[in-house]
Amino acid sequence: MVNLNLKNSISIQTKIFLTFLIIIFIGYGITFFYIMKYENEILIDKEMKKLENKAEQTLFELKNHLIFLKKEAAFLSKLEIMDDIIAKDIDKRVSNLLKKKAQDLGENIIFAVIDNNGKIVASSQENIKLSFSKLKKEEEIIQNFFIITIPVTASFDSNRHIGKLILLYPLKNLEKHLKNNEGIYSWITSDIVDFKKPEISGETLEVKKRFFAPLQNLILHYAVDKKIALETVYHVQTLLNIVFLIMILLTSIFIFFISKNLVLPIKSLYETAHYIIKTGDYNKEIYSNRQDEIGNLTKIFNILIKKTKESLDSIKAQSKKYEESLIDLIEFFNTITKTESKYDTITVAIRELKRLMNTQDIFFTTDKSEFKNAFMLNIDVKNFKENRSENLGTIVIHNPANQITNLKRFYNSIAQMISLQIERISLMEELKETLRAKSSFLSAMSHELKTPIGSILSLSQYLLTSSKLDQNDLESVSKIEHSANHLLQIINDILTIAKADSGKIDMNISKIDIPQTIKEVLDILNPLAESKGVKIINDIKGELKINTDPKLFKIVIINLISNAIKFTPKGDIHLSLKKEKNDYKIYIKDCGIGIDKEDIKYIFDEFYQGKIYKSGTGLGLAISKKFAALLKGDIIVHSEGVGKGTTTIFVFNSF
Amino acid sequence: MKWFVKLFFILSASFLYMYADSLVIAANRNFPVDSLNLKTVQKIYLDKIRFLGGKKILPINLPYNHFLRKKFENSVLKMKRFEIERYWLKTHYMGHRPPKVLKSQDAVASFLKSIDNAIGYLEKGTAIKYKLKILYEVQNGKSKSKK
Amino acid sequence: MRFCTKLVSNLLFLLLSLFLPLKSISDDFSEGYKIGDNFYTGGYLSTEYEKSDEKEAFLVDDLAFLLYGENDRWDFVSEFEAKNLYIKQNLPIKTEESNLNFSIERIYLTYYIDDYKTVTIGKFNSPVGFWNIIPINVLRDTTSSPYIVEKSFPKLTSGICYRYALNENFDFLYITLQNNEDIDSSYNNFKIKKHYGITLELEKTSGIFKISGGYFKQRDNKESIYTVFAFRKIEPNYTFTIESSLNKIDLYSTIFYDIYLQHVQNLNEHYYLIARFEKFRTYKDDIFTVDKKFEENILTLGLTYRPYPNVAIKGEYNRYSMQNNDKWLFSFSFMF
């Protein structure tokens, strides 16, 4: 089971929601803070500016209005009919014109035309009380009038000044151009004319603007009700609250859609993936009909799952195949290893290959020619005697039906296996033959040697007893007799080993008492030990009856103890018995010369005698070990080194 | 009322035409010349002469229907109304304008009184009344006989 | 085609809009429009219909705008004219063409030096004869013009004209000088680069005499001399005019001549009957003709109706003795 270690402390949905919420809150917070802190001042400032703008706009309009009037007057002054000024407007043409124009313009505007003496020649209104003799400027204020004066020249002679056209504009008119509405008030103050001031209730913001020249004595006032001015702030605050609520609502709806459209498919993906990981069931699929990235993701996820499943299946199939091949191969090897001759090996190999490869077209040939469309398994076998490879022949495989990957390696290993088996068989045959030869040689040699040695012994013993010999001769004969005796012992030992090797030792199993047997052995060996001054301390006492061959057992024990006596110049030899599991162990511990650690490896080799002690046949331990093996046991030798004594362990078992 | 006034004027005009003064060409006392012949008057009124005595002359006309204008056209210019209009059309092509028009004899007289280089045609009585210089006088009978 | 319909509709609109002010004519007729302290504008339009055995044509032959003004001693006149705005001909083949290229027909300043002398600088009508002074359809007597104004002397001069009154009768002497290219040669009959002319205008009780003589040189260096004699007698019931010219072009050995006599009878103030006889010897412009000179007699009879002073509806018949050019001509023209 895979440990997924998945942590989702906060879901995407929550994160998105929180993010939006935070954004809205920050936005709202900043806006709210800004409005609370600054908007009041700014708004008042703005309102003042607005008022100023309005005042300026109004002044601009008024100015334009006056400019318009001036243009009208200028137009009149250019008319050819103005030439009638020269004729004192006898025909009243100018008067009529002025009246008509004044009527057209309205606003109680008065036109008048004066001649060069300042006398009124024509006017739009009778009884003008003003005196125009003081007029100096183009535009000026006299009494309640704004007066525009335009010189008139003759149409036939632009150098001839014939009079002036005068436009009288009642200043009171200016008031009519002001607008008072929606809490915004405007009025004019002046010390020349009494203008009306609108009734104002409550606190106001007020702006004053001086009129343009030559009306600079007039002041235009603009005021706004403070409540109305600041109304916007409250409106904005309310609006902000509503907007905030709407934002929250919208966000919720948005999140809802997000979770539905974005998070849910992802969740489904996640759950499916989780399920697949948990159960290993790759058949699961996610359904989505979306066309966007998530739809694509789902599709790709499904494809991924499908591909994974396919891969896993193919891996399974492959591994099964491998497994089968392996089993086949092992079976093949197993079968091959059971064969005991070259012929058998080849035959079995071909049979098994036919089974493995599922084809009948396999055969063995010693023909060296090539075969097309076939695998050639060259069976090369090593000849150990001559130490070289030789080719036995070739197994030819035509069109194997069973496809195995790495076929070449497979065939190579098979070929090698066959070769190995054949080598093994030939090696075994050789070994058997060698062992047989060795045994027969040894027994033959022993029998052939025993007869002359027997003759030597009996003749030398006869000479010793005949007493016809002088002391020198006697000594010599004695040495012969001794040497022959030693030689005979060696031959007997070799014979014994040969017998053991060739399995010619007959075993007679009977129940014996081990301590009793040890005691009997010690009875034999004690005189020898005492002669050397060595004391044998026997700790094996009581009763232990086991089934074994008493003769072989005795030989081993005698051999081991006599060895100990032999390698112990002085001191004690301890004998003890232990039982470990099913094994019985007899410990023979001496305090003799010990064995070099190097030598322990070779101690059981035939004819090995060690470096220090060079007497005896050197076959004792080898024989003992062989006999111990026959008694389902072993001989183990321990030594801490030269001069540190030796412990020999005889392990044996009951039959 | 208006009707009555108009009728009165027409009657008085015809009365004047028949019995009263002859037509004169008059100007300010400062006018550069003291008398004019008929051809010069014609040429001045047809804008063929623009300068006299180094000064630009400003002929003054009376309104279209003024009885004096008709008389002037008949006896001085000796042209029919339609002809005169064709003439001014030709001068329009040449870049010239017909004379300035004032509404009444009195206006003309008053105008002439102020403007030195203007000339106008008036009844002799009016010219005398306004103390204007008479440059040329048309005899009723003569002009008629001439035509 | 679309342009033509557009043009015609525009012209109709123009006609309507221009006829409306005509109503006031009977009251106190005045021409043009005042557009500034001392400036006036105006214009004129002429359309013709021509019918002969071979040819039938309708054309809007003239549209012009005037801008003029005067100051104490200055006169300024300018005229911008588009000729042959629209032509629809039915020769053997039907053709229809239109263009609207305005050219400077006249532009000049006149300065009044004193009571008797003026000097004019700019482009102006050559002060020769009577017809050439007032050459536009609505003002002239017939739709067709006599050959004399085309073949004898340059219609327009771009230079200086000095006018001097010889006496108290205001008989004038004109001296015309041009020693440069035309200001705008589009509508001049000769493309000249030099013109020296002199005219004597005498007003007698019997009539007005105009005697002119001059020399001009065309762009192609053809040199010509001319002399023109003109006489006009204006009576309340009729006007009689004679104009004649002799001219010699250095290329030709022949002396060309032209003379016409015209009588206009005023039937009443609206109707005019015109009879004109013209005889001339001139040259052919086409280069294939070996004998380039040819003589011609033209007899013209016409009737003109002027419902208002500034509107003319004319009909006439031209009879040629040599050329195959007998035709009927009708025209409508007006000025504003």
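Reading the values: the criteria
- Residues numbered from 1 in each chain as written.
- Chains lettered and ligands numbered in written order.
- Predicted model: local features only at pLDDT ≥ 70, side-chain atom pairs only at ≥ 80, totals over all residues.
- Heavy atoms only, no water.
- Helix = DSSP H or I, 4+ residues; strand = E, 2+ residues; numbered from the N terminus.
- Contact = heavy atoms within 4.5 Å.
- Buried < 20%, exposed > 50% of the residue type's maximum accessible area, 1.4 Å probe, protein only.
- Pairing = 2+ DSSP bridges.
- Axes fitted to C-alpha atoms, helices over the stretch in contact; angles between N-to-C directions.
- Buried area = accessible area lost by both parts, 1.4 Å probe.
- Salt bridge = Lys/Arg side-chain N within 4 Å of Asp/Glu carboxyl O.

**Student:** Teacher, can you tell me more about the overall build of chain C here?
**Tutor:** When helices and strands are tallied, chain C shows three helices and 18 strands. Long-range contacts, defined here as pairs at least 24 residues apart, represent 51% of the contacts in chain C between residues at least 6 apart.

**Student:** Please explain the overall build of chain B as it appears in this structure.
**Tutor:** The helix and strand tally for chain B stands at seven helices and seven strands. In chain B, the succession of α and β elements from N to C terminus is α-β-α-β-β-β-α-α-β-α-β-α-β-α. Counting every position in chain B, which comprises 147 residues, the buried fraction comes to 56%. Across chain B, contacts joining residues at least 24 apart in sequence account for 73% of those joining residues at least 6 apart.

**Student:** Is there a simple way to explain the sheet that holds strand S9 (residues 362-365) of chain A in this structure?
**Tutor:** Sheets are built from strands paired through backbone hydrogen bonds, the pairs being either parallel or antiparallel. Residues and elements named next belong to chain A. Pairing in this open sheet of three strands is antiparallel, and the strands run S9-S11-S10 from one edge to the other. With one partner strand each, in any of the chains shown, S9 and strand S10 (374-383) form the two edges of the open sheet. The mean inter-strand angle of the sheet, taken between neighbouring strand axes irrespective of direction, is 25°. Across ten bridges, the pairing between S10 and strand S11 (residues 388-398) is antiparallel.

**Student:** Looking at this structure, I do not really get the interface of chain A and chain B. What am I missing?
**Tutor:** Accessible area lost during the coming together of the parts is what is often quoted as the interface size. Each partner contributes to the interface: chain A provides twelve residues, whereas chain B provides 15 residues. Summed over both partners, the interface of chain A with chain B buries about 1,100 Å², with 58% contributed by carbon and sulfur atoms. The largest per-residue losses of area from chain A upon contact with chain B belong to Ile 86, Asp 91 and Phe 156 of chain A, which jointly make up 44% of the total buried on that side. Our count for the chain A to chain B interface comes out at two salt bridges. Across the pair Glu 80 of chain A and Lys 100 of chain B runs a salt bridge whose closest N-O atoms are separated by 3.8 Å.

**Student:** Where do I start with the environment of Thr 272 of chain A in this structure?
**Tutor:** Residue and element names in this part refer to chain A. Inspection of the secondary structure puts Thr 272 in helix H4 (residues 226-279). Thr 272 gets classed as buried once you look at its relative accessible area, which sits at 6%. If we ignore the near neighbours within four places in the chain, the residues touching Thr 272 are Lys 284, Ile 286 and Phe 301.

**Student:** I would appreciate a short explanation of the environment of Phe 156 of chain A in the present structure.
**Tutor:** Inspection of the secondary structure assignment puts Phe 156 of chain A in the loop between strand S4 (145-154) and strand S5 (157-170). Taking the C-alpha atoms as reference points, Phe 156 of chain A and Asp 83 of chain A, 73 residues apart in sequence, are found 8.5 Å from one another. Setting aside residues no more than four positions away along its own chain, Phe 156 of chain A makes contact with Asp 83 and Ile 86 of chain A, Leu 58, Lys 100, Phe 111 and Ile 115 of chain B together with Asp 72 of chain C.

**Student:** Sorry, what's going on with the pattern of salt bridges here?
**Tutor:** Opposite charge on two side chains lets them pair, provided their charged atoms get close. Residue and element names in this part refer to chain A. Inspection of the entire model under this criterion finds 36 salt bridges over all chains. With a closest N to O distance of 3.7 Å, Lys 88 and Asp 115 form a salt bridge. Residue Lys 88 is found in the loop between helix H1 (12-78) and helix H2 (93-105), and its partner Asp 115 is found in strand S1 (residues 110-115); the two are separated by 27 residues along the sequence. Note on Lys 88: relative accessible area 46%, which makes it partly exposed.

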